[in-house]
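Coordinate inspection notes
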Amino acid sequence: MQQMGHEQVVYCQDPHTGLKAIIAIHNTTLGPSLGGTRLWNYNNHEDALIDALRLSRGMTYKSAISGLNLGGGKAVLIGDAAKLKSEAYWRRYGKFVNSLNGKYITAEDVNTSAKDMEFIGMETKFVTGLPEFAGGSGDPSPFTAYGVYTGMKAAAKNAWGNDSLSDKTVLVQGAGNVGQYLIGYLVKEEVRVLVCDINEDRLKTAKQKYPVIEVVANDDIFDLEFDIYAPCALGATVNSDSISKMKCHVIAGAANNQLADENIHGPMLVEKGIIYVPDFLINAGGIINISVELEGYNKERALSIVEKIYGRTLEIFALAEQENVPTQFAAMRIAEKRIKDIANLRVGI
Ligand code: NAD
């Protein structure tokens, strides 16, 4: 907590439902902490804690850079999703969230759904990302994908002088919730799209929907020729090994924590001349969408905020160049400055 600057970490357990939760609140300077609930069968409690600390810190940066009046938080639930999920389980968790009196607002994440949020919502109002039929904003993935597309266009402008992608080749790694929608935007702009995934069904669905895409094998993707790499599967795919093989000019994708080590791999990308759009900036479309739900959902308003990712990406490139730092650090500085400025503003009347 000291190393990463967390405000509060709360442990919760309930023997009747098997609930074991860690709620990490990183920073609430800008507003209540918001971040999803991840249900995962962690190897041990220490791994779960580290995940909660890392992810909640990421949410602070994501909301700050997106101009949202929200802080960073995240919850991890420990255990097997297939065995644990039940109405009682979610409602018990909802009670714990409620006990924090709005300092933490939850939403969906890995292994949690809008339906689960509905159960949580029976015990607390501090939940967002509810299903559309329940008055919520529904699936955030199309908004995340739109933000990634927008940030990718800004990166293209920086790399090639204009933001058209139509003569480019993009590799989308992961044809999941976000990847599918991203492919849709790219195909519409007549981009050549290469797609890989470890899940054959996901690839089949994508190919049926967009016959023009080219499915490629999952191994050795960096031996292929493409202009833009869009990681939309897992974190840490930008590492020493992959960078050494990369021939692309731009990295712009949805995955969280794309750089295996930001201190090593940010500078390495600069050295290789590869433009990296910081993940917490480009994949903020989803949180932007659920944040709008908190003030009364309006899709047009959500999209207009997501579109700002374009300008912000250009701003970060300019700062990175001016200060001669990797884009990840430039983005972190902008986020940290906003938090500091607003904290100072609150001193006085
Ligand atoms: P998802 O689980 O629906 O899709 C991920 C896809 O990646 C799956 O089809 C999976 O089979 C594939 N995959 C997994 N490992 C792979 C590998 N080694 N190689 C190739 N493909 C692999 O998840 P999603 O909701 O589409 O999210 C994608 C990424 O974006 C995740 O890292 C997530 O944390 C991040 N993200 C998502 C959102 C959102 O709104 N859903 C918001 C912000 C960030």
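The sections below set out a description of the structure shown in this document. Residue positions are given per chain, counting from 1 as you read along its sequence in written order. In keeping with the predicted nature of the model, local features appear solely for residues at pLDDT of at least 70, side-chain atom pairs appear and are counted solely at 80 or more, and the whole-chain, interface and lining totals rest on all residues. The side-chain figures draw on all heavy atoms in the structure; neither hydrogens nor water molecules are used.

In this section: the packing of aromatic side chains. By convention, a stacked pair of Phe, Tyr or Trp rings (six-membered ring in the case of Trp) has centres within 6.5 Å and planes under 30 degrees apart, an edge-to-face pair has planes over 60 apart, and any other such pair is tilted. Under the definition given, this model contains 7 aromatic pairs. Relative to Phe280, the ring of Tyr61 has its centre 5.6 Å away and its plane inclined at 45°; by these criteria the two rings are tilted. Here the residue Tyr61 occupies a position in helix 1 (residues 45-65), and Phe280 occupies one in helix 10 (residues 279-282), the gap between them amounting to 219 residues. A 1.4 Å probe rolled over the protein chains alone gives each residue an accessible area, and that area as a share of the maximum for its type sets the label: buried under 20%, exposed over 50%, partly exposed in between. Phe280 gets classed as buried once you look at its relative accessible area, which sits at 8%. A centroid spacing of 6.4 Å and a plane angle of 50° characterise the contact between Phe222 and Phe226, whose relative ring orientation is tilted. When its relative accessible area of 7% is taken as the criterion, Phe226 is described as buried. Members of the aromatic cluster, each reached through a chain of ring pairs, are Tyr89, Trp90 and Tyr93. By definition, being over a ring means that NZ of Lys or CZ of Arg is both within 6 Å of the ring centre and within 35 degrees of the ring normal. Between the NZ or CZ atom of Lys115 and the centre of the ring of Phe119, over which it lies, the distance is 5.0 Å. Above the ring of Tyr181, the side-chain terminus of Lys209 is found at 5.8 Å from the ring centroid. Put simply, DSSP H or I for four residues or longer makes a helix, DSSP E for two residues or longer makes a strand, and each gets a number counted from the N terminus.

Within this document, salt bridges are pairs made up of a side-chain nitrogen of Lys or Arg and a carboxyl oxygen of Asp or Glu, the two lying within 4 Å of each other. Counted by the stated rule, this structure contains 19 salt bridges. A salt bridge links Lys153 to Glu189; its shortest N-O distance comes to 2.8 Å. Of this pair, Lys153 sits in helix 5 (residues 141-160) while Glu189 sits in the loop between helix 6 (177-188) and strand 7 (192-196); the two residues are 36 residues apart in sequence, bridging distant segments of the chain. Just as Lys153 is buried, Glu189 falls in that class too. Taken together, the shared-partner salt bridges connect Arg38, Asp51, Arg54, Lys74 and Asp109 into one network.

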